[in-house]
Amino acid sequence: MSSTNQKLPKFPCVDCHTDCCKEYTIFVNAHDVYRLSNGLKCKPETFLELIGAKDYSLGIKVEEGLVDLALKQKNGACEFLEKTDTVFRCTVNDFKPGVCKSYPFEMKNGKLSQMSDIMCPTDWDILEFKEMMIPHLKKDESEWEFYDQLVREWNLKYEGKKSLSKFLKFMLEQVKLSNEVELL
Ligand code: SF4
Ligand code: SF4
């Protein structure tokens with residue numbers, strides 16, 4: 001969290017074996033990739049994995065095929081998960097993807113709730129996390145809408161005739177532009 005005034009609730013993740021970072025494929029959107037790329041000061045290609053998107057309604061059409069973007073895995077877990085002697089920790093905590101920040105919360109019928117049928121063993125205190133999670137989930141939703149729109153535009157314009165690296169360049173430029181517009 002960036003706010004210094006807000007009192008942070010205690011995260012149960014500290015004492016957990018972080019199965020969520022091992023079991024899930026972490027799909028990312030344009031803003032996630034932009035923040036990670038800037039935070040790590042490296043090209044998106046170094047931390048992204050391509051997942052075939054044939055079964056998804058929305059995939060990115062590039063020369064490499066129809067793909068979705070996810071974080072690379074290493075040793076059966078997200079490559080950013082680090083194990084010390086006693087705990088697991090996320091090495092990109094300040095700029096980790098939106099989905100990692102919000103898990104295992106979701107908005108259901110306009111209310112914050114904990115997802116059901118998931119691997120997280122914790123019974124989270126919804127009231128304690130409400131102030132932090134609701135704005136985050138709303139922001140995450142609008143970033144996914146931005147990304148979906150951007151992918152639709154790209155697919156219509158190029159129909160798989162350009163490479164993934166061109167798409168990534170286009171994607172990052174669009175995020176940069178939208179951030180600049182927000183600052184005006
Ligand atoms: S979200 Fe749940 S499963 Fe993931 S680290 Fe936290 S407590 Fe563990
Ligand atoms: S980015 Fe961090 S929180 Fe997200 S899956 Fe990887 S290690 Fe876990």
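Attention in this report is confined to the structure presented alongside it. Computed from a predicted structure; not experimentally measured.

1. Thoughts on the site of ligand 2
- Taken together, the neighbourhood of ligand 2 is formed by Cys21, Ile26, Leu71, Cys78, Phe80, Leu81, Cys90, Val92, Lys96, Pro97 and Cys100.
- Its residues placed into classes, the shell around ligand 2 shows 10 nonpolar, no polar and 1 charged.

2. A word on the nonpolar core
- Counting 24 residues, the largest nonpolar core has Ala30, Val33, Ile60, Leu71, Cys78, Phe167 and Met171 as its most contacted members.
- Those elements giving two or more residues to this core turn out to be helix 1 (19-23), helix 2 (30-40), strand 2 (60-62), strand 3 (65-71), helix 4 (126-158) and helix 5 (164-183).
- Beyond its immediate sequence surroundings of up to four residues, Ala30 is in contact with Phe146, Tyr147, Leu150, Met171, Gln174 and Val175.

3. Description of the environment of Ser37
- Counting through the fold element by element, Ser37 comes out in helix 2.
- The spacing of Ser37 and Gln174 is 137 residues in sequence and 14 Å in space, taken between C-alpha atoms.
- Once residues within four sequence positions are removed from consideration, Ser37 is found in contact with Cys42, Lys43, Pro44 and Leu172.

4. Thoughts on helix 4
- Within helix 4, the axis deviates most sharply at Met132, by approximately 45 degrees, and proline Pro135 lies no more than four positions further along.
- Residues Met133, Asp140, Glu143, Tyr147, Val151 and Trp154 constitute the buried set of helix 4.
- Looking at the packing, one finds that the buried side of helix 4 touches helix 2, strand 2, helix 3 (98-102), strand 8 (105-108), strand 9 (111-114) and helix 5.
- Immediately beyond the C-terminal end of helix 4, within one or two residues, lies Glu159, with a positive phi of roughly 45 degrees.

5. Observations concerning the packing of helix 2 against helix 5
- Taken N-terminus to C-terminus, the directions of helix 2 and helix 5 make an angle of 90 degrees; their axes are 9 Å apart at the nearest point. The orientation of helix 2 with respect to helix 5, classified from their angle, is roughly perpendicular. Along the contact surface, helix 2 presents Ala30, His31, Val33, Tyr34 and Ser37, while helix 5 presents Met171, Leu172, Gln174 and Val175.
- Class assignment for the residues of the contact of helix 2 with helix 5 results in 6 nonpolar, 3 polar and no charged.

6. A closer look at the pairing of strand 8
- Here 4 bridges tie strand 8 to strand 9, and the two strands are oriented antiparallel to one another. In the sheet register, Lys108 faces strand 9, and the bridge partner there is Lys111.
- The antiparallel hairpin formed by strand 8 and strand 9 contains 2 residues in its connecting segment, where Asn109 sits at a positive phi of about 50 degrees.

Criteria and thresholds
- Residues numbered from 1 in each chain as written.
- Chains lettered and ligands numbered in written order.
- Predicted model: local features only at pLDDT ≥ 70, side-chain atom pairs only at ≥ 80, totals over all residues.
- Near = placed C-beta within 6 Å.
- Nonpolar A, V, L, I, M, F, W, Y, C, P; charged D, E, K, R; others polar.
- Core = buried A, V, L, I, M, F, W, Y, C linked by C-beta atoms within 7 Å.
- Buried ≥ 20, exposed ≤ 12 C-beta atoms within 10 Å, placed from the backbone.
- Helix = DSSP H or I, 4+ residues; strand = E, 2+ residues; numbered from the N terminus.
- Contact = placed C-beta atoms within 7 Å.
- Bend = angle between axes of the 7 residues up to and from the residue.
- Axes fitted to C-alpha atoms, helices over the stretch in contact; angles between N-to-C directions.
- Parallel < 35°, antiparallel > 145°, perpendicular 65-115°, else oblique.
- Pairing = 2+ DSSP bridges.

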